[in-house]
Amino acid sequence: PRLDLHFLRRFLKIQSILFPRFSSQNVLMFLTLLCVTLLEQLVIYQVGLIPSQYYGVLGNKDLDGFKTLTCLALVLIVVNSTLKSFDQFICNLLYVSWRKDLTEHLHCLYFRGRIYYTLNVIRDDIDNPDQRISQDVERFCRQFSTMASKLIISPFTITYYTYQCFRSTSWLGPVSIFGYFVLGTIVNKVLMGPIVSKLVQQEKLEGDFRFKHVQLRVNAEPAAFYRAGHVEHARTNYRLQKLLKTQKELMSKELWLYIGINTFDYLGSILSYVVIAIPIFSGVYGDLTPAELSALVSKNAFVSIYLISSFSQLIDLSTTLSDVAGYTHRIGELQETLLDMSLRPQDCDSEDLDDWDVNEASGSKATDTAFLLDRVSISVPFSDKPLIKDLSLRVCEGQSLLITGNTGTGKTSLLRVLAGLWESMRGTVQMLTCFGPHGVLFLPQRPFFTDGTLREQVIYPLKEVYPVSGSADDERIMRFLELAGLSSLVARTGGLDQQVDWNWYDVLSPGEMQRLSFARLFYLQPKYAVLDEATSALTEEVESELYRICQQLGMTLISVGHRQSLAKFHSSVLKLCGGGKWELTPTKEE
Ligand SMILES: Nc1ncnc2c1ncn2[C@@H]1O[C@H](COP(=O)(O)OP(=O)(O)OP(=O)(O)O)[C@@H](O)[C@H]1O
């Protein structure tokens, strides 16, 4: 990552999200900021004239003039401070609005289809997407908003003071100041280059460090059983050391930039005298008296200093700009990857969103076949290790399938292919029904719970109760919780709709989690249920009971499991033997 054309392209792409249309809210806010800063400049100019007017009224002992001038000064100061506060306020509003737009844009791409899964589980080229969306976007917007009011006003102040400078020093002043600025910009650009790449590296390590803490937070209990505090302490400290080392390197690189900026600032302050010295020593003002010459010097110095300070303000933004450039690269990289993935149908078929539409009359398009596999071969991602070779299979209504096999033979991988999370190496996989209550529902190996009430856990991933039937729905939920053996949970949560501030993973036992997943399954009653070791934490009796209820509710099951007792709930068994081999046999009727 550098400060080059690639940066510019990424920056402009982000700008098109922040300023989508001329009539957008952000553009209007930006224009308001422009008006406020322009007014501020006018008032600052007037305030700047007041000291010289005081010399006049005090010198003439003019009491009335003094009173009027003091009143004017007070009014101007109040107006100035109000405008300055508004300037900051609008910058803050812009920051919030930009953050909202940019984060929502990234969310739209991230949550489209299964992109979040592929990005986090399968691809490893984009580090810490969560941190890029949360922290990098936040810092980008904050830094950019602090630059905004200085950037927006500089074309106006530079144009105005260039004109003034040209009037008093002719072409020599503006040309030498512009030349000086160009030189300063080139030097600063060279100094900023290494900072941008270091900042990108630092943000990656920042994400890794935070992730380590999240990991421990999520797995605090297993870690405590292992008494792993000291190991985790050492490992977390190691990540911290790596981060701090990079931060120090970043700071030493920034030191050179600070030296550059400060040198430029202070050299600028004597540049105005150099500008006026050249004609003096070359004899242009040879006929002026010393008094006339000092008046000329003071007048020229005033406008030159103003022009130079306008440029210096821009140069002072170098550190902010290098930060913005680093964040631009990280956000831009994520955005490009997300856009690229959203064009790939396997990561982003728009269908699965609609398939969750509970009102869809999917009965009309429903067939009696859920999955049709034709000579499908599956292997581990980014490896040649075959898991399944040439599997042809049809999963029909009423024909439940049990998948068994040793650890790591690819049982879950087959379900991943059925769910469309992974691609098969060869052959075709067709899902002839939809996801959701009218079609297929997957119960993953690790139960998933969202934040929210007990009702929201049961109806998940539906957002609204289904069907929208008020209290009748409460009865259904309670009945299914009872069938899943979780009536006591309602009392613990204090009702279906009581907001609980606990982490479901911490308070429920693995068995309770699996029971709650079954309550969810009973509630949604899909035609086909794919269960990946969904009863591994439960006893055989409970397992049989839950499977029996599934059958009574008319579900066709595709289960992964190890227990022999499961066979009686299925019509055939697919045994994965490892190395790509498999056997498909019908189960014996009892
Ligand atoms: N995201 C991944 N990247 C690389 N390899 C993976 C990934 N997910 C799984 N694997 C590998 O693929 C192989 C099959 O995994 P899978 O989860 O299908 O096993 P399984 O048969 O379901 O095992 P278990 O009975 O333990 O659940 C394993 O060797 C596993 O390490």
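For the structure, see preceding data.
Residues numbered from 1 in each chain as written. Predicted model: local features only at pLDDT ≥ 70, side-chain atom pairs only at ≥ 80, totals over all residues. Heavy atoms only, no water.

Draft legend 1. Up close: unusual backbone geometry. The phi torsion at Asn 128 lies on the positive side, around 40°, for a residue other than glycine. Inspection of the secondary structure puts Asn 128 in the loop between α4 (115-122) and α5 (129-169). A positive phi angle, close to 55°, is found at Arg 227, a residue other than glycine. Position of Arg 227 relative to the elements: it lies in the loop between α7 (220-225) and α8 (229-281). Arg 227 sits in the exposed class, given a relative accessible area of 66%. (Helix = DSSP H or I, 4+ residues; strand = E, 2+ residues; numbered from the N terminus. Buried < 20%, exposed > 50% of the residue type's maximum accessible area, 1.4 Å probe, protein only.)

Draft legend 2. Representation of a positive patch on the surface. Taken together, the side chains of Arg 375, Lys 389, Arg 426 and Lys 581 present a region of like positive charge at the surface. In this fold, Lys 389 is placed in strand β2 (residues 386-396). Since its relative accessible area comes to 41%, Lys 389 is described here as partly exposed. (Patch = residues over 30% accessible without salt bridge, like charges linked within 9 Å, V, L, I, M, F, W, Y side chains within 5 Å. Areas by Shrake-Rupley, 256 points an atom, 1.4 Å probe, with all protein chains shown as cover. Salt bridge = Lys/Arg side-chain N within 4 Å of Asp/Glu carboxyl O. Lys, Arg positive; Asp, Glu negative; His and termini not counted. Charge placed at Lys NZ, Arg CZ, Asp CG, Glu CD.)

Draft legend 3. Representation of the site of the ligand in the model. Taken together, the neighbourhood of the ligand is formed by 17 residues, with Gly 408, Gly 410, Lys 411, Thr 412 and Ser 413 sitting nearest. Measuring from an oxygen atom of the ligand, one finds a backbone N or O atom of Gly 410 at 3.0 Å. A distance of 2.7 Å is found between an oxygen atom of the ligand and a side-chain nitrogen or oxygen belonging to Lys 411. In isolation the ligand has 640 Å² of accessible area, and contact with the protein removes 69% of it. Among the elements that line the shell around the ligand, the one with the most residues is helix α13 (residues 411-419), at four residues. Considered class by class, the residues forming the shell around the ligand number four nonpolar, nine polar and four charged. (Near = heavy atom within 4 Å. Polar contact = N/O pair within 3.5 Å; in protein donor to acceptor, adjacent residues only side chain to side chain. Nonpolar A, V, L, I, M, F, W, Y, C, P; charged D, E, K, R; others polar.)

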